[in-house]
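Here is how the chains run, residue by residue.
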Amino acid sequence: WVLEQDGVGCAASFDENFKVVHTFVERSFEDVDGEIARIRGSKYVQSDLGLAFTKIRKLLEQDRLVCFMGTPCQASGLKLFLRKEYDNLIVVDVVCHGTPSPKLWDKYLEYQKSKYHSPISDISFRNKTYGYHSGTMRIRFANGKEYYGSARVDYMLKSFFKEISSRPSCYQCAFKQLNRCSDFTIYDCWHASQLVPGLKDEDKGWTDIIVQSAKGKVLLEQIKQAYEIYPADTL
């Protein structure tokens, strides 16, 4: 919807070396669908924001519509950086389990490239190999080989879900609360069939959305026809 309004999206993506960075997406890109695909999916690593906040401020001052997506601390950081509210800014935060160090991710990538004797061509943190409820790390290599590892065996996923890679800053997170500074909060809905009577869980995945602002409420009304939406009390 934002792109249809000639707006710009900013979210976590993989760069050419599979470092997790915040990148910008707009309709003028030659391969906009490819860029959108790159910002989809989980990335359990702290992203490098680079100069994203500075660019967002410039876009907002040019009256461009901007949708920023990130962790709650990143969303708060953006708001503090801007120092004022912008009607043309939409902020979406994701419920965060913690952000492992980029250095740990680099070591994991080097391990996988060494093991398979090949550069990496594609990564999916939560591939639905065994369905939505059993996320699997999938890595495709330039030599044609593929790796699949569940959270029970994959070093990166196992360290993430076992809290081995969680950092003190995340344990002391000041943003782990119901009310956020964003317009929307989104997170995995693991028990959709329990929240909506008669809704069948087909193991493809549902998303919980909390509308955090009046702006978010208006926007949801504008885009709701594109989604299958059910009101639910998740508290």
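No experiment lies behind these values; they were computed from the predicted model shown.

Considerations on the overall build of the protein
- Check the secondary structure of the protein and you find 8 helices and 9 strands.
- Considered along the principal axes of its C-alpha atoms, the protein spans approximately 50 × 45 × 40 Å.
- Out of the 235 residues in the protein, the part that is buried amounts to 41%.
- Taking the intrachain contacts of the protein between residues at least 6 apart in sequence as the baseline, contacts between residues at least 24 apart amount to 59%.
- Between the mean site of the 32 positive side-chain charges and the mean site of the 30 negative ones, the protein shows a separation of 6 Å.

Focus on the side chain of Asp-15
- Examined against the element boundaries, Asp-15 turns out to sit in the loop between strand 1 (8-14) and strand 2 (20-26).
- Buried charged residue Asp-15 carries no salt bridge. Nearest counter-charge: Lys-19, at 5.8 Å.
- A polar side-chain atom of Asp-15 sits 2.8 Å from the main-chain amide nitrogen of Lys-19.
- In contact with Asp-15, other than residues within four places in its own chain, are Val-21 and Arg-38.

Overview of the pattern of salt bridges
- This model, assessed by the stated rule, comprises 10 salt bridges.
- Here Arg-38 and Glu-35 are joined by a salt bridge, their closest N and O atoms 4.0 Å apart. Of the two residues, Arg-38 and Glu-35 are both situated in helix 1 (residues 32-39); the distance of 3 residues between them amounts to about one turn of the helix.
- A relative accessible area of 21% means that Glu-35 is categorised as partly exposed.
- Three or more residues joined by partner-sharing salt bridges are found here, namely Asp-6, Glu-26 and Arg-64.

Focus: the sheet that holds strand 6 (residues 136-141)
- Spatial ordering of the open sheet is given by 5-6-7, a layout of 3 strands whose pairing is antiparallel. Both outer strands of the open sheet, strand 5 (120-127) and strand 7 (146-150), are each paired with one neighbouring strand and no more. Pairwise comparison of adjacent strand axes, ignoring direction, gives a mean angle of 10° for this sheet.
- Of the pairings in the sheet, the one linking strand 6 to strand 7 comprises 5 bridges and is antiparallel in character. Across the sheet, residue Met-137 finds its bridge partner in strand 7, namely Gly-149.
- In this fold helix 4 (residues 102-116) packs onto strand 5, strand 6 and strand 7, with an angle of close to 55° to the strand it touches most, strand 6.

Brief notes about the nonpolar core
- Formed by 20 residues in total, the largest nonpolar core has its most connected members in Trp-105, Tyr-108, Ile-123, Phe-125, Met-137 and Ile-139.
- Mapped onto this core, the elements with two or more residues apiece are strand 1, helix 4, strand 5, strand 6 and helix 5 (155-161).
- Of all the elements, helix 4 adds the most residues to this core, at 4 residues.
- Excluding residues that lie within four positions of it along the chain, Met-137 makes contacts with Trp-105, Tyr-108, Ile-123, Ser-124, Phe-125, Tyr-147, Tyr-148, Gly-149, Asp-154, Met-156 and Leu-157.
- Core analysis: the next-biggest nonpolar cluster, separate from the first, contains 16 residues, Ile-56, Leu-60, Val-66 and Leu-78 among them.

Side note on the pairing of strand 8 (residues 184-188)
- By the bridge criterion, 3 bridges tie strand 4 (residues 89-94) to strand 8 in an arrangement that is parallel. Bridge pairing in strand 8 places Asp-93 opposite Thr-185.
- Of the strand pairs in this sheet, strand 8 and strand 9 (residues 207-211) are connected by 5 bridges, and their pairing is antiparallel. Across the sheet, Ile-186 pairs through a bridge with Ile-209, a residue of strand 9.

A closer look at unusual backbone geometry
- The residue Asp-6 is not glycine, and still its phi comes out positive at about 65°.
- Among the secondary structure elements, Asp-6 is positioned in the segment before strand 1.
- Of note, Asp-203 is a non-glycine position whose phi angle comes to about 60°, a positive value.
- By the secondary structure assignment, Asp-203 is in the loop between helix 7 (192-195) and strand 9.

Thoughts on the state of the cysteines
- Enumeration over the complete set of coordinates arrives at 0 disulfides.
- A disulfide-free cysteine, Cys-67 has its sulfur positioned 9.2 Å from the sulfur of Cys-10, the nearest such atom.
- Lacking any disulfide linkage, Cys-181 is separated from the closest cysteine sulfur, that of Cys-73, by 10 Å.
- Under the relative-accessibility criterion, Cys-181 is labelled partly exposed at 33%.

What counts, and where the lines are drawn
- By convention here, each chain's residues receive numbers from 1 onward along its written sequence.
- Whole-chain, interface and lining totals are the exception, using all residues; otherwise, since this is a predicted model, local features are given only for residues with pLDDT of at least 70 and side-chain atom pairs are given and counted only at 80 or more.
- Side-chain numbers here rest on the full set of heavy atoms in the structure, without hydrogens or water.
- Secondary structure elements are taken from DSSP: a helix is a run of H or I of four residues or more, a strand is a run of E of two residues or more, and numbering for both begins at the N terminus.
- Three labels apply to residues, based on accessible area from a 1.4 Å probe with only protein chains included: buried if under 20% of the type maximum, exposed if over 50%, partly exposed otherwise in between.
- The contact rule is simple, with two residues in contact once any of their heavy atoms fall within 4.5 Å.
- Charge counting treats Lys and Arg as positive and Asp and Glu as negative, with His and both chain ends excluded.
- Charge placement uses NZ in Lys and CZ in Arg. For Asp and Glu, CG and CD serve respectively.
- When a carboxyl oxygen of Asp or Glu is within 4 Å of a side-chain nitrogen of Lys or Arg, the pair counts as a salt bridge.
- The definition of a polar contact used here is a pair of N or O atoms within 3.5 Å, where within protein one atom must be able to donate a hydrogen and the other to accept one, and adjacent residues in sequence count solely through side-chain atom pairs.
- Any two strands with at least two DSSP bridges between them are considered paired.
- In this analysis an axis means a line fitted to C-alpha atoms, helices contributing only their contacting stretch, and an angle means the value between N-to-C directions, from 0 to 180 degrees.
- Here, nonpolar core refers to any group of buried Ala, Val, Leu, Ile, Met, Phe, Trp, Tyr and Cys residues whose side-chain atoms link them within 4.5 Å.
- Two cysteine sulfur atoms make up a disulfide if the distance between them is within 2.5 Å.

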